[in-house]
Amino acid sequence: MKSFLGYKCSLCGTEYLQGQVTYTCPQDGGNLDVVLDFESIKKKFQPEDITSRTENSLWRYLPLLPVGEPAGHSTPLHVAGWTPVFALPRLAEKLNLKHLWLKDESRNPTASFKDRASAIVVTRAQEIKSEIVVTASTGNAGAALAGMAAAVNQKAIIFAPKSAPQAKVAQLLVFGAKVILIDGSYDDAFDLTAKAANEFGWYCRNTGYNPFTLEGKKTAAFEIWEWWIEAHRDWHQQDKTLDAHPPLTIFVSVGDGNIISGIHKGFKDLLALGWIQNMPRIIGVQAEGSSAITNAFHAHTETITPVSATTIADSISVDLPRDGVRAIRATKETNGTYITVTDEEILGAIAELGRVGVFAEPAGATAYAGLVKSTSMGVVRSDDPILVLNTGSGLKDVRAAMQAVQSAPIIEPTLEAVKKIL
Ligand SMILES: *Cc1c(COP(=O)(O)O)cnc(C)c1O
Ligand SMILES: [Zn+2]
């Protein structure tokens, strides 16, 4: 908290003090990066001061976050983060890879990666004494905000497209948020939310637009760094720097581009602290029907042209990505790339992951679908160590899950009937 200096615009580079701005750059609308005082953090903390902590949640990274100890620290819902990473040897063999792991973000309190952002935004809201927090959401950001808000007795309002999967809407309602369904797209909800927040004085959590969402999401990078040190002691002995040849390659599904930018920011923070020397490689995966960032990346421009998004992966269905510029840099600056996958490939990935015990929603399985495609395109090599993120639980969208599998037979309750279908 004491190391939180202010903000820097990701487009024009203008720096602002804490009280000068709340959301985006007043000059060009660019998203703001939180600026931390790394020199003072470096003086006070060694990597071991973090890695030896007993706090098993994203709050173990408090010294690297722009908020203080949250008031509701002891509420269980604040225990976002610290999600497991496990090896997937059978899928690795199938894809002819030597090292493949999955970090399962569906284990977060409301079952998606978005809990990381909401933990930090709600804490910030309480610090600045906002009565009401509002967000636009395709479902998961809203569920994460609603759940966290309920846990600390904060009021939340969620604007979601009326097409949001039922389970996500159910989460919003059960957590007691005020839910407003929009007869329009996520993009319509996004613009309306920002306008309404401005009109009524609410604190707006909108992804990317609120600088604190990125700060929450960057904690996944810190966890990957710690996991890497732990898991590869024997590979690297005393080398605690995440440096490996070849480097770790991370696959992330991308809609607005805030998760991938957050992961990039986390590694940039570690680089600024001197706690790593090299970046892992970050690869973004988008649905073919929602590929605005991929299009710009391959056209070598930071100007994002909106698309008319259609994909089964509702969490990454975005016309105009709200964190596109930083998302492009996340791959450009790490020697990564962007690829797209079809809805069919996403459904295939749900089934493949399911067979090794991981139940992912479509946007969650998209990163794995991207890996499958990458191996055939030569984007990754067989000895590259690879980490795939599953960003959301399959229980979030059961209708999509059922499209990934064959339905079960219904039989009469007799042994003969069982014999017939075996
Ligand atoms: C939000 C979300 C994403 C994509 O994150 P962006 O920041 O929009 O790129 C991916 N998967 C799931 C499950 C999500 O909820
Ligand atoms: Zn600017």
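A brief report on the enclosed structure follows.

Burial of strand β11 (residues 281-287) is extensive: seven of the seven residues sit out of reach of the surface. Of the two faces of β11, the one holding R281, I283, V285 and A287 and the one holding I282, G284 and Q286 are both buried throughout. One ladder, built from five bridges, connects strand β10 (residues 249-253) with β11; its direction is parallel. Looking across to β11, one finds that I250 is bridged to I282. The β-α-β motif built from β10, the intervening helix α11 (residues 258-272) and the parallel element β11 has right-handed crossover chirality. One ladder, built from five bridges, connects β11 with strand β12 (residues 337-341); its direction is parallel. Residue pairing across strands places I283 opposite T337, the latter belonging to β12.

This brings us to the coordination of the zinc ion (ligand 2). Around the zinc ion (ligand 2), the protein supplies C9 (SG), C12 (SG), C25 (SG), D28 (OD) and D28 (OD) as donor atoms, at distances of 2.3 to 2.5 Å. Donor residues for the zinc ion (ligand 2) sit on one chain with the sequence pattern C-x2-C-x12-C-x2-D. Linking C12 in the loop between β1 (4-9) and β2 (15-17) with C25 in the loop between β2 and β3 (32-36), this pair joins segments that are 13 residues apart in sequence. What makes C25 buried here is its relative accessible area of 3%.

Now for the state of the cysteines. Throughout the structure, instances matching the rule amount to zero disulfides. Cysteine C204 shares no disulfide, and the gap to the nearest cysteine sulfur, in C25, comes to 17 Å.

Turning our attention to the pattern of salt bridges. As enumerated under the stated definition, the model contains 23 salt bridges in all. K94 is paired through a salt bridge with E352; the nearest N and O atoms lie 2.8 Å apart. Taken as a pair, K94 in helix α3 (residues 89-94) and E352 in helix α14 (residues 343-354) lie far apart in primary sequence, 258 residues in all. Since its relative accessible area comes to 57%, K94 is described here as exposed. Judged by its relative accessible area of 19%, E352 falls in the buried class. D183 is paired through a salt bridge with K162; the nearest N and O atoms lie 3.0 Å apart. Highlighted residues: D183 in the loop between β8 (178-182) and α7 (186-200) and K162 in the loop between β7 (155-161) and α6 (166-174), separated in sequence by 21 residues. Three or more residues are tied together by salt bridges with common partners; here these are K103, E105, R116 and E223.

Definitions and cut-offs
- Residues numbered from 1 in each chain as written.
- Chains lettered and ligands numbered in written order.
- Predicted model: local features only at pLDDT ≥ 70, side-chain atom pairs only at ≥ 80, totals over all residues.
- Heavy atoms only, no water.
- Buried < 20%, exposed > 50% of the residue type's maximum accessible area, 1.4 Å probe, protein only.
- Helix = DSSP H or I, 4+ residues; strand = E, 2+ residues; numbered from the N terminus.
- Pairing = 2+ DSSP bridges.
- Right-handed = clockwise from strand over helix to strand, strands pointing away.
- Donors = N, O, S within 2.8 Å, 3.2 Å for Na, K, Ca; no water.
- Disulfide = S-S within 2.5 Å.
- Salt bridge = Lys/Arg side-chain N within 4 Å of Asp/Glu carboxyl O.

Any functional reading would require information beyond the geometric quantities listed.
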